Number of protein chains: 4
Amino acid sequence: VIITVGPDSDAACVRQELVHRGLWVRRFDGADVVRFVVEPHSARVGREELLRIPGVADVSVPKSTTPLLDGHPPVVRVRGLDIGVGAAPILMAGPCSVESEERILALAGQAAAAGASFLRGGAFKPRTSCYDFQGLGEQALGWMRRAADAHGLRVITEALEPGEVPVVAAHTDVLQIGARNMHSARLLRAAGATGLVVMLKRGMAATIEEWTAAAETLLVHGARGVIFCERGVRSFDPATRFTVDLGAVALIAHVLQLPVIVDPSHGAGRRDLVPALCRAGIAAGASGVMVEVHDAPGEALSDGPQAITPAVLASLGNELFSVRQPTTRDCRPSLTIGSRVS
Amino acid sequence: VIITVGPDSDAACVRQELVHRGLWVRRFDGADVVRFVVEPHSARVGREELLRIPGVADVSVPKSTTPLLDGHPPVVRVRGLDIGVGAAPILMAGPCSVESEERILALAGQAAAAGASFLRGGAFKPRTSCYDFQGLGEQALGWMRRAADAHGLRVITEALEPGEVPVVAAHTDVLQIGARNMHSARLLRAAGATGLVVMLKRGMAATIEEWTAAAETLLVHGARGVIFCERGVRSFDPATRFTVDLGAVALIAHVLQLPVIVDPSHGAGRRDLVPALCRAGIAAGASGVMVEVHDAPGEALSDGPQAITPAVLASLGNELFSVRQPTTRDCRPSLTIGSRVS
Amino acid sequence: VIITVGPDSDAACVRQELVHRGLWVRRFDGADVVRFVVEPHSARVGREELLRIPGVADVSVPKSTTPLLDGHPPVVRVRGLDIGVGAAPILMAGPCSVESEERILALAGQAAAAGASFLRGGAFKPRTSCYDFQGLGEQALGWMRRAADAHGLRVITEALEPGEVPVVAAHTDVLQIGARNMHSARLLRAAGATGLVVMLKRGMAATIEEWTAAAETLLVHGARGVIFCERGVRSFDPATRFTVDLGAVALIAHVLQLPVIVDPSHGAGRRDLVPALCRAGIAAGASGVMVEVHDAPGEALSDGPQAITPAVLASLGNELFSVRQPTTRDCRPSLTIGSRVS
Amino acid sequence: VIITVGPDSDAACVRQELVHRGLWVRRFDGADVVRFVVEPHSARVGREELLRIPGVADVSVPKSTTPLLDGHPPVVRVRGLDIGVGAAPILMAGPCSVESEERILALAGQAAAAGASFLRGGAFKPRTSCYDFQGLGEQALGWMRRAADAHGLRVITEALEPGEVPVVAAHTDVLQIGARNMHSARLLRAAGATGLVVMLKRGMAATIEEWTAAAETLLVHGARGVIFCERGVRSFDPATRFTVDLGAVALIAHVLQLPVIVDPSHGAGRRDLVPALCRAGIAAGASGVMVEVHDAPGEALSDGPQAITPAVLASLGNELFSVRQPTTRDCRPSLTIGSRVS
């Protein structure tokens, strides 16, 4: 945003008013006019409010690059369940990979008992090494669908390439795009074309601007709705697998007013931090959490160390639903007027 | 940690047991023995538990580089107030800089009314540009002390170099080391030598290992106790000033069992994210939050855009004290046995 | 690598010998034995050399996760041209996107005149925003092929999804996998199956371990050879678009002894840094550079600001071929004995 | 920079001209005027050149925050030696720590023989752990001074806190500020006040803007000149200790036209990458390199694994002085007109 000060106005006074509203600004002195450029880490303030500041002659706003996302509702409904800002937080649980029909059925039962509304599980797995387990494919999708149905759960699972999208879409309620594929325009196009609600994980080094641009791609191609999922960004500390960015979650929930889920299993990669980060995610404004669970983590074909057990899931489920999540109205500082277009 | 498998034991079984306990391991095949090296982003499991696994012949643990910190209690007491794991969360509030005697007195009153137990405020300011406001120095320390005393608050403020430590120590209850000086061994030494409790902000690119090493330096030189403070790490997204790492907070609180405070004002740099990140910090296990408040942010001499107003502080204070923070016992997954030495 | 000290040997002496060879080690004291774990940022030293150190009882090395890459030659030949360690540095040049038949033909002529051996150009473009230009597709491939052939150049261009691989493979000499798709296992599989030499750009937050794992996937599925391409990693400084990691280039060239190209156009995103980073890349050990060139950057349909003009390319070409690149033998410190398996 | 398009001009044409000059711009549509904001990763173009573009009505440039640095010459002279843009590259060599009088004397001889003009060495060491070797202090300064004098070398060494500056200044030719203290305003003030030339290492997560602001602080307080030193920034890849940012080096040398040194010993932390990164640094435009050398790295009291031996130093010295470093004029793309004020 560029704010131009009127020719006879006091730029220092205008600056105070901008700072008063939470804006970080850089001052530029032109030939005969002063302008302020708002830095991206500023509070979101609407154009109209800025124009009402005495001495402000003009407020230039860039054209939105995400017009469809700007009109996206704060809540999406998936088979009768509301997910998003103001709705009750949800729990998505399940194994990293679907490993057998019996196991996924048992885990579905445990997830349902813990209060989960979604069963997660990978049939097609994106792995760093080509020698690692790559998922059981289409048959695993069928097992997961039947396990979910048997326990009244919805299904969320991932497709890795455009060619896989139709078969995954035939078995899932929400289609997941993984972090490693967030930048894959072709896959986003195919996923959008299913008309499903899509959960879009954040790329491991994606800015919020790139993440929302990927969401726009989904919507342009026909997705019925988007749910964001923060799963940790790459950083420098080896003590956690990734760094969970709950500032981004707060921004999406409270400033953009869009549904966002937190995945602390991949984010921290540490089972001993999962419950605390689930709580923190909900408190930051997340619409829900996604956690990996396994009845015998030692036998898991992928990511066993970060899976919690069904017993921990049960106590986590109990607890999450008692965390008081303030409504967005409560938590917005009274000084700022949110607007998705800024 | 290195785990050696016994010569006649099945390494694959041992691996399962390790993964079952939340350990990420790399396998090394020696001449006639198999060893597993535990990666740093693993759950913390005690040596004794590992030795009880059938087939484990030896468990090698590196000598601790922070023996004093290992013995640090989970709670420190400052003028009658408990701060730490299991204690009620605390609120530290005040302006970025102390700007006048009247203003700090008024803000102290508002902080106290909001439930704060500490008044924060900078007398010596570390600034990126030498042309920016550098703080009012010693006289500001006196104003802050009197303002805090008038409202029953404790004082927390920062020293920037060893030579300043004595005068700061004479006016404060907790001595703060800022993020820009976390690596300054000389300042840590002087701060420790005061015998005060020191709050140690995390360097903007410091690993948890470097952060705890700095805390050890404080303790070696005589600090009575240490409180960690997460204030955001440097990352790539311009939408926030820094990235608040609540995984690190959860790790310090739940795994290391040490006091840790979250500062979302500097962390996000965005006033509109401060309340959500305060809540999230407490939910992650923080012992309290530190927030910047100003009655007229537009007139602030530093960091006005990230300050909240006294009115927002009041509602935030109300809310924070009603967030249910589970005890550490609740949130530790039953599979893991925490131990600060691993 | 884990090094075990013999029971009657002096661990301190062994440690000295390890440090003497450029190894950073952590010491672990087991029940009756001392072990050192070598940290990843250590010089590469062969197992045999370590076993010859007095007092070393055992050296455990993890099983390689990239056996095919370990056997990959330092040079690949593409239509008569050697690319790799010890070969003369090459120049790949062309526009970001192929925009018209006339333009690509003219640019091919200018690239050839500057000494380039490859024509680069995008027919399928991965873009952050779905509203940006996405490339002209298959017809652009034909234009590029004919333009290259007319000027004796080889073609390098990118496929974005498995379904596109056959048509791209039909027109190109080297198939490129872009940074945004480095983690896409499905695309790597399809690219490998063409049997072509594949140039693999580094993901914007990929570790070298992940990058080499992706190269292994290419080889497992049939790629005839791999060329790495460093195009900048994501970091925190807004003054450049990405951060070009020439340490990684030096590591791949001198330690792994594999072909690696540097792309400073995307890496810096700044035309005014491209020549200096080309020189630096070659000096670091790169087998060549890839640069974007456009005769009218202002009219470019993508990434115009980072394109250099044909005139700058001409002087750059002249200069690059006169940079003395020491042979690998020259630059390896005499103390270390390189080995790709460590 | 903000560029305002004249009311009757074609904004698209202006945009083409801006992109043609290497500028990345964002378009803002005001009430009746179009403006472009130039993004920081753009080529540097002077205000006058922009004003000459048809259709440009105004060019607003922010007031410089580093006026003294803007006037800093491209070359500083230290005891008869020119260091900087256009001058011959220099070599600074020596041990991480000064360990004994004999050793530093011998190393000074070897450094001089290799062509070094500066002896480096730490008397006061900033260490992560308080249990590590902290340097031998003032006596080590005397040893280093005499060793340098005996071999016709200049001295460069570091002070860690303001109180140490006078004694260090009494023994050194160039005063070094280390990466861990780049943000320490108090130390910068004391260092500047010596009137010496100061070498300023980049903080491990400092932006170029913060780095130049720190240099300005040195100059404001009286430093006779500044030499920048890139020593690697913190990043995510464990295969190197830090990530050497040669794009920043190219920017400082070619765009800002200021002296900059590269330190690959700390930057990579790997002895086997030091020679390649020395070459690359010079090729990127560095005015010289600083390397750690030790005759018995296994006995070094700090950072032994990254030290090269005198023999490697000798061959490196030979080679460096034969790398052709183009003059800045050569490497500046003809399209852009550099200007330190933009």
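Model, not experiment: these values are computed from the prediction.

1. Notes on the overall build of chain A
Phase 1 of the analysis: For chain A, the helix and strand inventory stands at 13 helices and 14 strands.
Phase 2 of the analysis: Taken against the 2.2 N^0.38 rule, which gives 20 Å for 342 residues, the C-alpha radius of gyration of chain A at 22 Å falls within 12% of a compact globule.
Phase 3 of the analysis: Along the three orthogonal principal directions, the C-alpha set of chain A runs to about 75 × 40 × 40 Å.
Phase 4 of the analysis: Buried residues in chain A amount to 70% of all 342 residues.
Phase 5 of the analysis: A separation threshold of at least 6 residues defines the contact pool for chain A, and within that pool the share at least 24 residues apart is 68%.

2. A short note on the sheet that holds strand 13 (residues 260-262) of chain B
Each strand in a sheet pairs with another by means of backbone hydrogen bonds, the pair being arranged parallel or else antiparallel.
Residue and element names in this part refer to chain B.
Phase 1 of the analysis: Spatially, eight strands are ordered 7-8-9-10-11-12-13-14 in a closed barrel, and the strand pairing comes out parallel. Shown here is a sheet whose adjacent strand axes are inclined to one another by a mean of 25°, direction ignored.
Phase 2 of the analysis: Strand direction decides the pairing type here: strand 7 (residues 90-94) and strand 8 (residues 118-120), joined by two bridges, are parallel. Its bridge partner lying in strand 8, Ala-93 is registered against Leu-119.
Phase 3 of the analysis: Docked against the sheet, helix 8 (residues 208-220) engages strand 11 (197-201) and strand 12 (225-230), running at close to 155° with respect to strand 12.

3. Topic: the interface of chain A and chain B
Phase 1 of the analysis: Of the residues lining the interface, 66 residues belong to chain A; the matching set on chain B comes to 66 residues.
Phase 2 of the analysis: Between chain A and chain B, the buried area comes to about 5500 Å², and carbon and sulfur atoms account for 65% of it.
Phase 3 of the analysis: At the surface where chain A touches chain B, the tally comes to two salt bridges.
Phase 4 of the analysis: Linking chain A with chain B are 16 residue pairs in polar contact (both at pLDDT 80 or more), by the criterion used here.

4. Observations concerning the nonpolar core
Phase 1 of the analysis: Within the largest apolar cluster, 159 residues are counted, with the highest numbers of intra-cluster contacts made by Leu-246 of chain A together with Leu-246 of chain B.
Phase 2 of the analysis: Not counting chain neighbours up to four residues away, the residues in contact with Leu-246 of chain A comprise Val-262, Ala-280, Gly-281 and Ala-284 of chain A together with Leu-246, Leu-277 and Ala-280 of chain B.
Phase 3 of the analysis: If you look at the next biggest cluster of nonpolar residues, it comprises 157 residues, including Ala-111 and Leu-258 of chain C together with Ala-214 and Leu-219 of chain D.

5. What about the packing of helix 11 (residues 274-284) of chain C against helix 11 (residues 274-284) of chain D?
Phase 1 of the analysis: Direction vectors running N to C along helix 11 of chain C and helix 11 of chain D enclose 160°, while the axes themselves pass 7 Å from each other. Put simply, helix 11 of chain C runs roughly antiparallel to helix 11 of chain D. Our pair here, helix 11 of chain C against helix 11 of chain D, has a crossing hand that is right-handed. From helix 11 of chain C, Ala-276, Arg-279, Ala-280, Ala-283 and Ala-284 of chain C reach across to helix 11 of chain D, where they touch Ala-276, Arg-279, Ala-280, Ala-283 and Ala-284 of chain D.
Phase 2 of the analysis: By residue class, the composition of the contact of helix 11 of chain C with helix 11 of chain D is eight nonpolar, no polar and two charged.

6. Topic: the relation of the copies chain A and chain B
Phase 1 of the analysis: Rotating chain A by 180° about the axis while translating it 0.0 Å along that axis superimposes it on chain B, leaving an RMSD of 0.0 Å. Both copies of the chain, as the preceding transformation shows, are related through a two-fold rotation axis. Every residue of chain A has its C-alpha some distance from the rotation axis, and the shortest such distance is that of Ala-280 of chain A, at 2.1 Å.

7. Regarding unusual backbone geometry
Phase 1 of the analysis: At Gln-257 of chain B, a position not held by glycine, the phi torsion is positive, near 60°.
Phase 2 of the analysis: A positive phi angle, near 45°, is found at Arg-79 of chain C, a position not held by glycine.
Phase 3 of the analysis: Among the structural elements, Arg-79 of chain C can be located in the loop between strand 5 (75-78) and strand 6 (81-84).

8. A short note on the environment of Thr-128 of chain D
Phase 1 of the analysis: With respect to the element layout, Thr-128 of chain D can be found in the loop between strand 8 (118-120) and helix 5 (138-150).
Phase 2 of the analysis: The partly exposed category is assigned to Thr-128 of chain D, whose relative accessible area is 32%.
Phase 3 of the analysis: Measuring from C-alpha to C-alpha, the distance between Thr-128 of chain D and Arg-180 of chain D comes to 9.9 Å, with 52 residues separating the pair along the chain.
Phase 4 of the analysis: In this structure, Thr-128 of chain D is in contact with Glu-210, Ala-213 and Thr-217 of chain B together with Arg-180 of chain D, ignoring residues within four places of it in sequence.

9. Some details on helix 11 (residues 274-284) of chain B
All names here are of chain B.
Phase 1 of the analysis: Where burial is concerned, most of helix 11 is hidden: eleven out of the eleven residues are buried.
Phase 2 of the analysis: Looking at helix 11, one finds that the buried residues are Val-274, Pro-275, Ala-276, Leu-277, Cys-278, Arg-279, Ala-280, Gly-281, Ile-282, Ala-283 and Ala-284.
Phase 3 of the analysis: Of the residues trailing helix 11, Gly-285 is marked for its positive phi of about 120°.

10. Looking at helix 12 (residues 310-320) of chain A
Phase 1 of the analysis: Buried within helix 12 of chain A we find Pro-310, Val-312, Leu-313, Leu-316, Gly-317, Glu-319 and Leu-320 of chain A.
Phase 2 of the analysis: The secondary structure elements touched by the buried residues of helix 12 of chain A are strand 7 (90-94), helix 4 (101-113), helix 11 (274-284) and strand 14 (288-292) of chain A.

11. Thoughts on the packing of aromatic side chains
Phase 1 of the analysis: Enumeration over the complete set of coordinates arrives at four aromatic pairs over all chains.
Phase 2 of the analysis: Measuring from ring centre to ring centre gives 5.2 Å for Trp-211 of chain D and Phe-228 of chain D, while their planes differ by 90°; the resulting arrangement is edge-to-face. In this pair, Trp-211 of chain D sits in helix 8 (residues 208-220) while Phe-228 of chain D sits in strand 12 (residues 225-230), placing the two residues 17 residues apart along the sequence.
Phase 3 of the analysis: Lying across the ring of Phe-242 of chain B, Arg-231 of chain B places its NZ or CZ 4.2 Å from the centre.

12. Looking at the pairing of strand 10 (residues 174-177) of chain B
Residue and element names in this part refer to chain B.
Phase 1 of the analysis: Across the two faces of strand 10 the burial is the same, with Val-174 and Gln-176 and Leu-175 and Ile-177 all buried.
Phase 2 of the analysis: For strand 9 (residues 154-158) and strand 10, the ladder comprises three bridges, and the chain directions are parallel. For Thr-157, the partnering residue across the bridge sits in strand 10 and is Leu-175.
Phase 3 of the analysis: As for the winding sense of the linkage, the β-α-β connection from strand 9 through helix 6 (residues 165-171) to strand 10 is right-handed.

13. Points about the pattern of salt bridges
Phase 1 of the analysis: Per the counting criterion, the structure on display carries 104 salt bridges over all chains.
Phase 2 of the analysis: Notably, a salt bridge pairs Arg-202 of chain C with Asp-237 of chain D, separated by 3.2 Å at the nearest N-O pair. You can see Arg-202 of chain C sitting in the loop between strand 11 (197-201) and helix 8 (208-220) and its partner Asp-237 of chain D sitting in the loop between strand 12 and helix 9 (246-255), one on each of two chains. The same class applies to Arg-202 of chain C as to Asp-237 of chain D, namely buried.

14. Quick notes on the sheet that holds strand 11 of chain C
Residue and element names in this part refer to chain C.
Phase 1 of the analysis: Strand order in the closed barrel made by the eight strands is 7-8-9-10-11-12-13-14, with parallel pairing throughout. Each adjacent strand pair in this sheet contributes to an overall mean axis angle of 25°, direction not counted.
Phase 2 of the analysis: Across the sheet, helix 8 is in contact with strand 11 and strand 12 (225-230); its angle to strand 12 comes to roughly 155°.
Phase 3 of the analysis: Sheet contacts for helix 12 (residues 310-320): strand 7 (90-94) and strand 14 (288-292); angle to strand 7, the most-contacted strand, approximately 170°.

15. So, the interface of chain C and chain A
Phase 1 of the analysis: On the chain A side, the residues contacting the 26 residues of chain C number 26 residues.
Phase 2 of the analysis: In this assembly, chain C packs against chain A so that about 2500 Å² is buried in total across both faces, 54% of it on carbon and sulfur atoms.
Phase 3 of the analysis: Linking chain C to chain A there are six salt bridges.
Phase 4 of the analysis: Between Arg-186 of chain C and Glu-164 of chain A there is a salt bridge whose closest N-O contact spans 2.4 Å.
Phase 5 of the analysis: The interface formed by chain C and chain A includes eight residue pairs in polar contact (both at pLDDT 80 or more).
Phase 6 of the analysis: Put simply, the parts of the chain that give the side of chain C that touches chain A at least two residues each are helix 3 (67-70) and helix 8 of chain C.

16. Quick notes on the relation of the copies chain C and chain A
Phase 1 of the analysis: The transformation that overlays chain C on chain A combines an axial shift of 0.0 Å with a rotation of 180°, and the residual RMSD is 0.0 Å.
Phase 2 of the analysis: With an isologous cut-off of 70% or more, the 100% of interface residues of chain C that recur at the interface of chain A puts this contact in the isologous class.

17. A short note on the confidence of the model for chain A
Phase 1 of the analysis: Confidence along chain A averages 92 in pLDDT terms, with 94% of residues attaining 70 or more.
Phase 2 of the analysis: For the stretch residues 324-342 of chain A, pLDDT sits under 50, and the model shows 57 contacts to residues farther than four places along the chain or on other chains.

Analysis parameters
- Residues numbered from 1 in each chain as written.
- Chains lettered and ligands numbered in written order.
- Predicted model: local features only at pLDDT ≥ 70, side-chain atom pairs only at ≥ 80, totals over all residues.
- Heavy atoms only, no water.
- Helix = DSSP H or I, 4+ residues; strand = E, 2+ residues; numbered from the N terminus.
- Rg over C-alpha atoms; globule rule 2.2 N^0.38 Å.
- Buried < 20%, exposed > 50% of the residue type's maximum accessible area, 1.4 Å probe, protein only.
- Contact = heavy atoms within 4.5 Å.
- Pairing = 2+ DSSP bridges.
- Axes fitted to C-alpha atoms, helices over the stretch in contact; angles between N-to-C directions.
- Buried area = accessible area lost by both parts, 1.4 Å probe.
- Salt bridge = Lys/Arg side-chain N within 4 Å of Asp/Glu carboxyl O.
- Polar contact = N/O pair within 3.5 Å; in protein donor to acceptor, adjacent residues only side chain to side chain.
- Core = buried A, V, L, I, M, F, W, Y, C linked by side-chain atoms within 4.5 Å.
- Parallel < 35°, antiparallel > 145°, perpendicular 65-115°, else oblique.
- Left-handed = near helix turned anticlockwise from the far one by under 90°.
- Nonpolar A, V, L, I, M, F, W, Y, C, P; charged D, E, K, R; others polar.
- Least-squares fit on C-alpha atoms with pLDDT ≥ 70 in both.
- Phe/Tyr/Trp six-rings, centres within 6.5 Å; stacked < 30°, edge-to-face > 60°.
- Lys NZ or Arg CZ within 6 Å of the ring centre and 35° of its normal.
- Right-handed = clockwise from strand over helix to strand, strands pointing away.
- pLDDT = per-residue confidence, 0-100.

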